[in-house]
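Overview (structure and organization)
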Amino acid sequence: MRSRSLRPPFAAALVTSILLAACTPTGAPSPAPADMTDVDTRAARLSGVVRAGGADATAAFGEALAAAGIGVRALDGQVLRAAQQPSLGLAFAEHDPAVILRAQQQGGTVTLAELADTLRVLAPNADQGEIARLLREDLRRDLSSDVPTVRFWARFVTSLTPDGQPALTSDAAPADVPVSAAQHALILLRLAGGAAARARTLDPTVPLTSASSSSGGTMRALAAPANCTFGGTEGTIMDAAALGLTSGFGQLLGYLDGISSTPGESAASRASDLLGLANLVTSYAKFVLTFAGFQMDLTVDQPDVTRTKSTVSNGDGVHTATVKVHYDLSAGLQYLNCFRLAFNHVGVDFSTPNAGVVEGADVRWRVFAADGDGSYAQKHTNILAALAGEEVMHDRTGADGTAQLRFEGVRQDRDLGPAPTPVDKSGEVTAISTIKSASFAADLVDALGTAAGGVGGLLTMPQELAYRMWPISSTMPLRVRDWKPSCEGVTGNTCWLGTITVTQAMSESKTLLDPNDAPAGTDEYREQLRGEYVVTGVEDAGAIVTNLKVQGRLGASHERKLRYDATYDVTCADGETVKTETHRYGITDKGSATRDLQDNVYVNLHENGSYEINNGSWNTSTRLRGTGEYSDYNHYRGACNPFQDNDRESSKATTPTYDLDDFTEQGVAQEQDGVLTIQGSRTFTNDVEPPTTYTVTWNLTRVTVE
């Protein structure tokens, strides 16, 4: 594994200092597979409590760690919470669970693809996609393990996925799978332990106790308190995991070992590299926990949002969300203080105060309220939006540590009628930040680079890894008042609203030829018809078919324009004389019509939600007559027979007749909050000459009157 260069003299010592073989007794038998129901049920219950947060989350997380075979110990080695047997041989330091839980409750996530890419930094020759695949395969294997603690660990970890998101073991694309803070910490813990266990397998002589390490005492930061040591049995800042009896991620670690080792490399060399890998994983896990000390305070000036009733424009009030990004390391979260002591030990001045605001933090916004909870489209249609020009994806905090987003309700996508009814919905605005863009983070990473090699595993993290900082987020709930159509003066318990629009367009163009088949002109014709239906009531409502009364407006127009202009040679009757003839003629025919309409539209609703709508067959109510004019001219000079010469022009008024064709459409209705919606659009062209293109658009609503 030469490509990793992870063999400093402290590598074994740091991992050694986190081994718990002495404090995790072994030998308890595994239950038979039939006894696993309680394990699965307990994992689901505790993960649900942890996801929900609240007062019970701390106790639930502690119980879950024990059930997963993970202990918690003080920095002097004293066991504070014993692991259930058979133990995984892993332990967190006493402050770690609270910090992990705090990070979990802050809501930040990375994706499985990002986690895989982080591990790729440790093994540059590895493939990110293969890392994600093998990590999933190892998790799936552990989900069905016969060892109760291993099985519990896997089921608890995979059940911590945020609600409504793809699970770690799903087949979703890795970029779409979130990894929460607790999942991240537990996976890295077991991965580090697995790497150390694999090292022992390769080289049984590798030292795995601090007493046997020649450098175990060299990594203590001078003048550091006990909870800031970097080595030794007292516990260290890197004391996140320890090797035990059952190792994890065998397929993934086998791949990383194989892809990074060189031909002929000794087992001892590979074991040393694996200890270096465990060291870096542990270091990174602790480094990520530093950011649990960062907080986001999110406020909204007006959390009650009223959506506009307009179908034309957004509006009815602009709302401003303000987020403040700051940190506070005074509440027992002293990880960064430990880093500061380490930096000072090697002559790097990193004197960040214990509390302050973060300037230049990258902020990503999300404001959302679902249109409804019925169909997939309703659940994913947002009725809130940021104002035009607002920076949503790459906002930055200012000198005061704040950033703002202005948002509003979006316009309605259907006519609500004369007296819409309010509908109360819930929404939220979320701000997500990563500290990596802030000057604070740059100073920290620069310090890491300057001090590299002087303090141990923490300071040998590649800078690329150090920049992979944990995202933090904050969400503010919103109360959203939306609207649904209603009716006034309705008899009965339902009414119908909505519109139907029908258009048909015909267009034809021909090229005219002279007697010698040369192009001499064109004949063009266009015709357009449009019908607009507005539902005004119900004439008859049967069990299946509803007869709707509609009124509206019909409009039609047409125009024909013919132009012919030809000059050509002809042979006269004697068969010898050739003369030149000229022929020009033209036709202009145009007209239009409009009239009001009163008609019926029939809606056929089926139990499965499908429907048909039509305006009857052979419907003569859509015929309309209008006014127009017709004119033509003719100019002819017949060279062989002058008596055929002609010049003529004429014009007259006309009464054109138009017929808007019948329509029949179908689809599937959607129903929510007592409102049934029939909505759709279809465009098609018939296969006769001249071709006619039809477009039918309908948006009908049936309202149950309360």
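Just so it is clear, the structure is predicted and the values come from calculations on it, not from any experiment. (Residues numbered from 1 in each chain as written. Predicted model: local features only at pLDDT ≥ 70, side-chain atom pairs only at ≥ 80, totals over all residues. Heavy atoms only, no water.)

Before going further, it helps to examine the pattern of salt bridges. Tallied over the entire structure, the rule returns 32 salt bridges. Close ionic contact of Arg198 with Asp257 constitutes a salt bridge, the shortest N to O distance being 3.5 Å. Taken together, the positions of Arg198 in helix H8 (residues 181-202) and Asp257 in helix H9 (residues 250-260) put the pair 59 residues apart, joining distant regions of the chain. Taking the relative accessible area as the measure of exposure, Arg198 reaches 27% and is therefore partly exposed. Residue classification places Asp257 among the buried positions, given a relative accessible area of 0%. When the shortest N-O distance is used, the salt bridge between Asp257 and Arg270 registers 2.5 Å. Here Asp257, found in helix H9, pairs with Arg270, found in helix H10 (residues 267-289); they are 13 residues apart in sequence, far enough to count as distant. In this structure, a network of salt bridges that share partners links the residues Asp138, Arg141, Asp142 and Arg190. (Salt bridge = Lys/Arg side-chain N within 4 Å of Asp/Glu carboxyl O. Helix = DSSP H or I, 4+ residues; strand = E, 2+ residues; numbered from the N terminus. Buried < 20%, exposed > 50% of the residue type's maximum accessible area, 1.4 Å probe, protein only.)

Now for the packing of aromatic side chains. To describe a pair of aromatic rings, you give the distance between the ring centres and the angle between the ring planes. Inspection of the entire model under this criterion finds 6 aromatic pairs. For the ring pair Tyr564 and Tyr585, a centre distance of 4.9 Å and an interplane angle of 25° mean the geometry is stacked. Pair noted here: Tyr564 is in strand E18 (residues 545-571) and Tyr585 is in strand E19 (residues 578-605), with a separation of 21 residues, a long-range link. In textbook terms, an aromatic cluster arises when at least three aromatic residues are bridged by ring pairs, as seen for Phe61, Phe152 and Phe156. Directly above the ring of Trp153 sits Arg190, whose terminal nitrogen or CZ lies 4.8 Å from the centroid. Here the basic side chain of Lys652 rests over the ring of Tyr630, its NZ or CZ set 5.5 Å away from the ring centre. (Phe/Tyr/Trp six-rings, centres within 6.5 Å; stacked < 30°, edge-to-face > 60°. Lys NZ or Arg CZ within 6 Å of the ring centre and 35° of its normal.)

With that settled, consider the packing of helix H3 (residues 57-67) against helix H4 (residues 96-106). The geometry of H3 relative to H4 is characterised by a closest axis approach of 10 Å and an angle of 120° between their N-to-C directions. One finds that H3 runs oblique with respect to H4. The crossing of H3 and H4 is right-handed. Residues Ala57, Thr58, Phe61 and Leu65 of H3 lie in contact with H4, whose contacting residues are Pro97, Ile100, Leu101 and Gln105. In the contact of H3 with H4, the residues fall into 6 nonpolar, 2 polar and no charged. (Axes fitted to C-alpha atoms, helices over the stretch in contact; angles between N-to-C directions. Parallel < 35°, antiparallel > 145°, perpendicular 65-115°, else oblique. Left-handed = near helix turned anticlockwise from the far one by under 90°. Contact = heavy atoms within 4.5 Å. Nonpolar A, V, L, I, M, F, W, Y, C, P; charged D, E, K, R; others polar.)

Spatially, E2-E1-E3 is the arrangement adopted by the 3 strands of the open sheet, whose pairing is mixed. This sheet does not close on itself; its edge strands, each paired only once, are strand E2 (79-81) and strand E3 (90-93). Neighbour-to-neighbour, the strand axes of the sheet open up by a mean angle of 45°, direction not taken into account. The pairing of strand E1 (residues 70-73) with E2 spans 2 bridges and is classified as antiparallel. In the sheet register, Val72 faces E2, and the bridge partner there is Arg81. On top of the sheet, H8 reaches E1 and E3; it is set at about 125° to E3, its chief contact. (Pairing = 2+ DSSP bridges.)

This paragraph deals with the pairing of strand E16 (residues 494-513). Pairing of E16 with strand E28 (residues 692-704) involves 13 bridges; the strand directions are antiparallel. Counted as the bridge partner of Met506 is Thr692 from E28. Judged from the 15 bridges that link them, E16 and strand E17 (residues 519-541) form a sheet pairing that is antiparallel. Bridge pairing in E17 places Ser509 opposite Glu524. Taking the residues between adjacent antiparallel strands as the criterion, E16 and E17 are bridged by 5 residues, where Asp517 takes a positive phi near 65°.

Turning our eyes to something else, we now look at unusual backbone geometry. Here Gln85 and Pro86 are connected by a cis peptide whose omega angle stands at -5°. Its place among the elements puts Pro86 in the loop between E2 and E3. Of note, the amide linkage connecting Glu689 to Pro690 takes the cis form, showing an omega dihedral of -10°. With respect to the secondary-structure elements, Pro690 resides in the loop between strand E27 (675-685) and E28.

A few words on the environment of Ala361. Within the fold, Ala361 resides in the loop between strand E9 (355-357) and strand E10 (362-369). When its relative accessible area of 0% is taken as the criterion, Ala361 is described as buried. Along the primary structure Ala361 and His326 are separated by 35 residues, whereas in three dimensions their C-alpha atoms are 9.7 Å apart.

Turning to the sheet that holds strand E15 (residues 472-484), a few remarks are in order. Taken in spatial order, the 5 strands make up an open sheet running E7-E15-E14-E10-E12, and their pairing is mixed. The open sheet terminates on both sides in strands that have one partner only, identified here as strand E7 (304-306) and strand E12 (395-396). In the sheet, E10 pairs with E12 via 2 bridges, with the strands oriented antiparallel. Paired with Val363 across the two strands is Asp395, which belongs to E12.

The subject of this paragraph is the nonpolar core. Ranked by internal contacts, the top residues of the largest apolar core, which has 71 residues, are Ile70, Trp153 and Phe156. Dropping the residues within four chain positions of it, Phe156 is found in contact with Ala43, Leu46, Ser47, Val50, Phe61, Ala64 and Leu186. Counting residues in hydrophobic clusters, the runner-up holds 27 residues, among them Val535, Leu597, Leu660 and Phe663. (Core = buried A, V, L, I, M, F, W, Y, C linked by side-chain atoms within 4.5 Å.)

Here the focus is the state of the cysteines. Applying the stated criterion to the full structure yields 1 disulfide. In this model, Cys572 is linked to Cys640 through a disulfide, with the two sulfur atoms separated by 1.9 Å. Across the disulfide from Cys572 to Cys640, rotation about the S-S bond amounts to roughly -80°, and the bridge is consequently left-handed. Within this pair, whereas Cys572 is found in the loop between E18 and E19, its partner Cys640 is found in the loop between strand E22 (627-637) and strand E23 (646-654), the two being separated by 68 residues in sequence. Taking relative accessible area as the criterion, Cys572 reaches 15% and is therefore assigned buried. (Disulfide = S-S within 2.5 Å.)

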